[in-house]
Number of protein chains: 2
Amino acid sequence: MAESWSFLDAFEPNFRPLVVIELAKGTKEETIKWFTKRIVDKKANGGAQLLVKPLVTESGDENIYLIGASHLRLLLGAETVGLVKECNDNSMRTFTYSSRKTFKDFADDNHNFLTMAECQYIIKHELENLRAKDEKMIPGYPQAKLYPGKSIVRRLLTSGILVQIFPLHDREELKKLRQSWYGRVKVGYQPLDEIRCYFGETIALYFGFLEYFTFALIPMAVIGIPYYVFAWEDYDKYVMFATFNLLWSTVILEVWKRICAIMTFRWGTLLMKRQFEEPRSGFHGVLGINPVTGREEPVYSSIKRQIRIYLVSLPFVCLCLYFSLYVMMIYFDLEQWALDYHEENESNLSNLMLFVPSIIYAVVIEIMNRIYRYAAEFLTSWENHRLESSYQNHLILKVLVFNFLNCFASLFYIAFVLFDMKLLRQSLATLLITSQILNQFAESLLPYWLQKRHKKRMKKRVCSLKTDTDLSLVEQVNLEKEMGTYFGTFDDYLELFLQFGYVSLFSCVYPLAAVFAVLNNITEIYSDALKMCRVYKRPFAEPTANIGVWQLAFETMSVISVVTNCILIGMSPQVNALFPDAKMDLILTVALVEHLLLAIKFIMAFVIPDKPRDIQIKLARLEFESLEALKQQ
Amino acid sequence: MAESWSFLDAFEPNFRPLVVIELAKGTKEETIKWFTKRIVDKKANGGAQLLVKPLVTESGDENIYLIGASHLRLLLGAETVGLVKECNDNSMRTFTYSSRKTFKDFADDNHNFLTMAECQYIIKHELENLRAKDEKMIPGYPQAKLYPGKSIVRRLLTSGILVQIFPLHDREELKKLRQSWYGRVKVGYQPLDEIRCYFGETIALYFGFLEYFTFALIPMAVIGIPYYVFAWEDYDKYVMFATFNLLWSTVILEVWKRICAIMTFRWGTLLMKRQFEEPRSGFHGVLGINPVTGREEPVYSSIKRQIRIYLVSLPFVCLCLYFSLYVMMIYFDLEQWALDYHEENESNLSNLMLFVPSIIYAVVIEIMNRIYRYAAEFLTSWENHRLESSYQNHLILKVLVFNFLNCFASLFYIAFVLFDMKLLRQSLATLLITSQILNQFAESLLPYWLQKRHKKRMKKRVCSLKTDTDLSLVEQVNLEKEMGTYFGTFDDYLELFLQFGYVSLFSCVYPLAAVFAVLNNITEIYSDALKMCRVYKRPFAEPTANIGVWQLAFETMSVISVVTNCILIGMSPQVNALFPDAKMDLILTVALVEHLLLAIKFIMAFVIPDKPRDIQIKLARLEFESLEALKQQ
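Residues numbered from 1 in each chain as written. Chains lettered and ligands numbered in written order. Predicted model: local features only at pLDDT ≥ 70, side-chain atom pairs only at ≥ 80, totals over all residues. Heavy atoms only, no water.

- The name recorded for chain A in an unreviewed UniProt entry is Anoctamin, from Spizaetus tyrannus.
- According to the UniProt record, the Subcellular location (unreviewed entry) comment for chain A reads "Membrane".
- Per UniProt, chain A carries the Sequence similarities (unreviewed entry) text "Belongs to the anoctamin family." (UniProt positions renumbered as here; feature names shortened; annotations may be inferred.)

Here it is in structure tokens:
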């Protein structure tokens, strides 16, 4: 079976492997034959019309296959997925094969017209759209049922026959990217366009947001420094600082939308039509007719899902939140107890005891976070969402709320129940700095070190001392298939979201927070870049037009921060001194200012257009042209 | 010149007049010839390919022309404007002439496939899209300049040669509509689909909203009655009532979006693609290239417009608001002075004097409203918006803010500065009831009476005692051209908006407000219907998918009402009695409740889907089909 499976092979002598498929060891011959046949078969016969080559390893196993495609096939695929590319007249248009000559840099022999990430995305799309015809089950596995229209790859994945599909790294490209990204110490922008070409839009947008957010924090950091240095404690300075922060956080979130529109317009994803979403692989239900497509597929009643969401998930999440608050109260009791103990019998031991509650609490929070994450994933999966996007949104919402409470509940308690501003400042600093250090370590440096050790061992085993670029294809595939999988930008955004909370929620108490955030983000860019390039398997590119639900999350946080900051300012002794005998007037004034600030926030968000004028004009021109074209028909 | 101008006349023996054009008396022969030629000319020659007939009146004047169109021309026009119609398989699709056989009720000889309102809309669209070719000016009027692509009709209107264009009533249809709408006293829904067929979607949607809003107010009214009857004054009952109102007002606004989607889906306007908007007739600027269309047209810098908006209009509006508040303060001073005078020397005269300030204030407010309306129209027109829609939005915003302040400032002052709940209740009742009575009178009954008198005089002049349906065409046109013009739904929505304010802003003080609102709206439906059918010229139909900026206005009002109601409840003596020695706790509790309610409001608005599930599925199916069609190509 070492021959190539492609019937197009004759026309494409230089087979370029793009995607790796790993089947389970001992997969039946019959299954492999059927699957690879479907991959190379003509479109008309329900195949994907791609190229397949088995990878022969020294052990003689044949469970890894390399997938490629002819240049023509990729161009046709680009049309299918609806890629948007730049034309010769600098406008962005949906690529079609028939109009290919009008596109910039297109030439029949220019194989770089599509980026490698795009090619891999196309192949992934084609593989996932390989659909069962009249097969009732996967050949060789009678228990793995199929129905007409079911995605074969998804069925193979859920039944465990297919272990993984991943795109190959391009050693040359990666080296170049690493060089320009973090290879030399330099101050400047990241090569976002190159990142996008290599890793796709979702990841490039994350790094774009990270960079933008860091720059946006600099004014806050710069203004915050003198407060620390000169120990300014005048209330009017604090009011100014907090007001600036609040309006600034609105502005940066609105401006981000514009910058995001500029970037995704250049990348073509702003214009890309959303493809019809197929059910996610975990979705199950009674076989029925999908009312949208008219195709036969599992159907699950939306009412049942609503019941599961509102009667099970929602109470469960509330219970978890309550439990988390309960744990926090125990922590504060312990803390008080340790303090009392220390005061009564002062000794080295009692001094040490002071740290015990914090350590226990930190460990418990970490454990709770993990357990909750599993529970949230289980519940969201049990809710049985038809679409991956809806699954993701529900999962993000669940995790976000819990993490928000876990991170900030103790700070809220200290601020608004204990009224202890000094303790608040201390806790805020401790939480912010330790979480940042721990994150950087756990997220990038530790995996990097493990990965490096593993690689060394692997290299020793294959007895070669070649550099990365000299690795043979077999060695490269073997190395990469063992690398960890990057599960998307969720955790990275979550980290930024919590950081934004630390910076904005209590900004008037601890002006230095922004400084630490900026410092952290600068190293974060480097460690995240390292993670993407060195630690994880290359992820499939995912076209996207914006940061989605995270925009909403950040905006909600900035609304909450208006409320907290107003209360904090109202509680400060300096402001209280202004209203010596009229606490009521003080509270009313604070409430009034808060409502005014919120009103200004909403008006600003409404007035600042989401897209810059030139993008608006370009979009309008495209719409106008398509209307004109319709009239011409 | 009494012959018909249509070259298609031979094929269309039964000319059905749809639209009337009135030219200025004494318009030059040359101009008429050129204009009518353009109207009847073939599309290929830049004409509108419509039918024209002069209307010969007894005085022999020839300044009125009737416009019609062949059935085929109207069907082609329906395709041009992108009408969406129901197909035989009950799906909604954009009408195209080539696929005409697949549409429900289509037959080549069925001239009712398009409603008369749709035919008139098509003709209006075609007339407005008659564009200058190489004419440098309107023939016969060298001062009325033209440039290639300028809408001829708009130029004729601005230069005063064209007095008006309006669609003709259909006496038969109108009689039927009147009969089913308000002809007999009945309880039930309005014939919205018939209204839509006769007057178009914008007006039908207004009546749909009015009806929906009235029904939605009934629960509030029903719950409010016992409060009045039993004179309930317990605070917990008030809190319940206010809380119910607040959540209810959120729910009804969200549900309206769903109902609106159902209606406009059935009417096809939900799916209708927005046409490219041409500049409004008042727009002026230096001749340049429009960046969207690439056509030559007047161009006006957006920065200049922004400067005018933010540096002139905004300060002016703020000044007017300030002035309005100032007038209000004078009113309260006068009121106080009258009261003092009455107390000092009690007499009949002094008793009469008590009413003087209110009367003066009412008159002054009315005058201010009118002057401000003119100023707002002038300013918005001076801001030189390119699009009619953007002009309308800016005008609505300006008028809305001022009217809101004028109507509610005195109530706010009484409630939150004077703390006089009794006076608040009194003022609220007086304002609500008098404004409703005045509105109904000024808006419909007065014009109806004037119109009726005018009609009688007209009929006497033509010396006929025929009933409406027997009127000759000449008589009908002469009658209708003198009727008032309906300037859109703005004032009707404004009235509803202010009513919503009276009902929701102070709902916990005056539970009867909803009762009066319901009673008013029931008669409002009848008087507005009368107005549409009897008083005004028939308006052109205007396809629309929603109530636009009014949805936002109503939602903003319901947010403001959360704040006011919370404060009112917090100020009530019963609640104050609950916190005898802790005013601070009271205020904090109120603030907490307010924030909770606002949070619940936003979450509810987020959770309730804007479109019902079956509409979502139908829209998704259409999108899926168009994606599939693209793939097939």
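Now that the structure is up, let's keep going.
1. Structural notes on empty space enclosed by the protein
All names here are of chain A.
Right, on to step 1. Per the counting criterion, the structure on display carries eight cavities of 30 Å³ or more.
Right, on to step 2. In this structure, the largest cavity is lined by 15 residues; those nearest its centre are Arg131, Tyr147, Gly149, Glu278 and Pro279.
Right, on to step 3. Class assignment of the residues belonging to the lining of the largest cavity gives a composition of five nonpolar, two polar and eight charged.
Right, on to step 4. When residues of the lining of the largest cavity are assigned to domains, at least three map to each of domain 1 (19-168) and domain 2 (179-300 + 384-459 + 488-632). (1 Å grid on protein atoms, 1.4 Å probe; cavity = no way out; pocket = protein on both sides within 12 Å on 5 of 7 lines; lining within 4 Å. Points joined across faces, edges and corners; volume = space filled by probe spheres on them. Nonpolar A, V, L, I, M, F, W, Y, C, P; charged D, E, K, R; others polar. Domains from an automatic or database assignment.)

2. Details of the relation of the copies chain A and chain B
Right, on to step 1. Superposing chain A onto chain B takes a rotation of 180° combined with a translation of 0.1 Å along the rotation axis, leaving an RMSD of 0.1 Å. On this basis, the relationship between the two copies can be described by a two-fold rotation axis. Residues of chain A ranked by C-alpha distance from the rotation axis are headed by A:Met584, positioned 3.0 Å from it.
Right, on to step 2. Looking at the interface residues of chain A, 100% of them are also at the interface in chain B, so both copies use one shared face. (Least-squares fit on C-alpha atoms with pLDDT ≥ 70 in both. Contact = heavy atoms within 4.5 Å.)

3. Side note on unusual backbone geometry
Right, on to step 1. Phi angles above zero are rare outside glycine, and B:Asp105 is one such case at about 65°.
Right, on to step 2. Relative accessible area serves as the criterion here: at 57%, B:Asp105 is assigned to the exposed category. (Buried < 20%, exposed > 50% of the residue type's maximum accessible area, 1.4 Å probe, protein only.)

4. Here we look at the interface of chain A and chain B
Right, on to step 1. Each partner contributes residues to the interface: chain A has 29 residues there, and chain B has 29 residues.
Right, on to step 2. Buried area between chain A and chain B, summed over both chains or domains, comes out near 2,700 Å², and the portion from carbon and sulfur atoms is 69%.
Right, on to step 3. By the criterion of area lost to chain B, the three top residues of chain A are A:Val292, A:Ile587 and A:Phe624, representing 21% of everything that side buries.
Right, on to step 4. For the pair chain A and chain B, the interface holds zero salt bridges.
Right, on to step 5. Put simply, chain A and chain B have four residue pairs in polar contact (both at pLDDT 80 or more) between them.
Right, on to step 6. Elements represented by at least two residues in the side of chain A that touches chain B include exactly helix H9 (302-344), helix H17 (549-571), helix H19 (583-607) and helix H20 (613-632) of chain A.
Right, on to step 7. No other element matches H20(A), which puts nine residues into the side of chain A that touches chain B.
Right, on to step 8. The residue inventory of the side of chain A that touches chain B, partitioned by class, reads 15 nonpolar, five polar and nine charged. (Buried area = accessible area lost by both parts, 1.4 Å probe. Salt bridge = Lys/Arg side-chain N within 4 Å of Asp/Glu carboxyl O. Polar contact = N/O pair within 3.5 Å; in protein donor to acceptor, adjacent residues only side chain to side chain. Helix = DSSP H or I, 4+ residues; strand = E, 2+ residues; numbered from the N terminus.)

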